[in-house]
Amino acid sequence: MTEVAINDFEQSVASKIQMSNTELGFVMTDDFESEEAHPYRFTDIDAAVIKTGTSPTETLEKQNNGTASEDDETYGLTVVHDEAIHAVHIKYSYFGISLFEEVEIAF
């Protein structure tokens, strides 16, 4: 990922990539340094490297089949803001090609 913006392309208060596995899962937090967040790994957007072969669909299939393990890495985007978030705009690159994804959040 190269950039994350919210709503009308505003900067969020904080954004991190949460790196986890199928056993641990994810934590919902607005404090990356809190005690509840310590077992989880958060990294800066521009420093995160998402490994190949970590498709959420494949991981879910392994979980459903009972073959998932701690070695199955999962990634999540954690965005903190002081107002409601209704859209997340994500810029990323894949093999040097810049791409864009928008995720709309319905309330």
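Bear in mind that the values here come from a model prediction, so they are computed numbers and not experimental data.

### Topic: the sheet that holds strand S3 (residues 41-44)
By way of backbone hydrogen bonds, the strands of a sheet pair with one another, either parallel or antiparallel.
Here comes step 1: Strand order across the open sheet formed by three strands is S3-S2-S4, with antiparallel pairing between neighbours. Because the sheet does not close on itself, it has two edges, and the strands there are S3 and strand S4 (73-80). In this sheet, neighbouring strand axes are inclined to one another by 30 degrees on average, regardless of whether the strands run parallel or antiparallel.

### Some remarks on the sheet that holds strand S1 (residues 3-6)
Here comes step 1: Read from one edge to the other, the open sheet built from three strands follows the order S1-S5-S6, with strand pairing classed as antiparallel. With partners counted over all chains shown, the strands left at the sheet margins are S1 and strand S6 (97-104), one partner each. On average, each strand axis in the sheet is tilted by 15 degrees relative to the strand beside it, whichever way the strands run.
Here comes step 2: Of the strand pairs in this sheet, strand S5 (residues 87-94) and S6 are connected by eight bridges, and their pairing is antiparallel. Bridged to Ala87 within S6 is Glu104.

### Regarding the environment of Phe26
Here comes step 1: With respect to the helices, strands and loops of the structure, Phe26 is situated in the loop between strand S2 (14-21) and S3.
Here comes step 2: Between the C-alpha atoms of Phe26 and Asp82, which are 56 residues apart in sequence, the distance is 21 Å.
Here comes step 3: Discounting chain neighbours no more than four positions away, the residues touching Phe26 are Gln18, Ser20, Tyr40, Thr74, Tyr75 and Gly76.

### Here's the deal with the nonpolar core
Here comes step 1: Of all hydrophobic cores here, the largest spans 10 residues; its members are Val4, Ile6, Ile17, Met19, Ile45, Ala48, Tyr75, Ile85, Val88 and Ile90.
Here comes step 2: Looking at this core, the elements with two or more residues in it are S1, S2 and S5.
Here comes step 3: Apart from the residues within four sequence positions on either side, Ile17 is in contact with Met1, Arg41, Phe42, Thr43, Ile45, Ala48, Tyr75, Gly76 and Leu77.
Here comes step 4: By size, the runner-up hydrophobic cluster in this structure holds six residues, among which are Val27, Ala37, Phe42 and Val80.

### Side note on the packing of aromatic side chains
Here comes step 1: The full count for this structure, using the stated rule, is three aromatic pairs.
Here comes step 2: Summarising the aromatic geometry, the rings of Phe9 and Phe100 are spaced 6.3 Å apart at their centres and angled 25 degrees between planes, so their arrangement reads as stacked. In this pair, Phe9 is assigned in the loop between S1 and S2 and Phe100 in strand S6, connecting sequence segments 91 residues apart.
Here comes step 3: Residues Tyr94 and Phe95 carry aromatic rings whose centres are separated by 4.6 Å and whose planes lie at 70 degrees to one another, so their mutual orientation is edge-to-face.
Here comes step 4: The exposure class of Phe95 is exposed, given its relative accessible area of 75%.

Rules behind the numbers
Residues numbered from 1 in each chain as written. Predicted model: local features only at pLDDT ≥ 70, side-chain atom pairs only at ≥ 80, totals over all residues. Heavy atoms only, no water. Pairing = 2+ DSSP bridges. Helix = DSSP H or I, 4+ residues; strand = E, 2+ residues; numbered from the N terminus. Axes fitted to C-alpha atoms, helices over the stretch in contact; angles between N-to-C directions. Contact = heavy atoms within 4.5 Å. Core = buried A, V, L, I, M, F, W, Y, C linked by side-chain atoms within 4.5 Å. Buried < 20%, exposed > 50% of the residue type's maximum accessible area, 1.4 Å probe, protein only. Phe/Tyr/Trp six-rings, centres within 6.5 Å; stacked < 30°, edge-to-face > 60°.

Read these as spatial facts, not as claims about activity.
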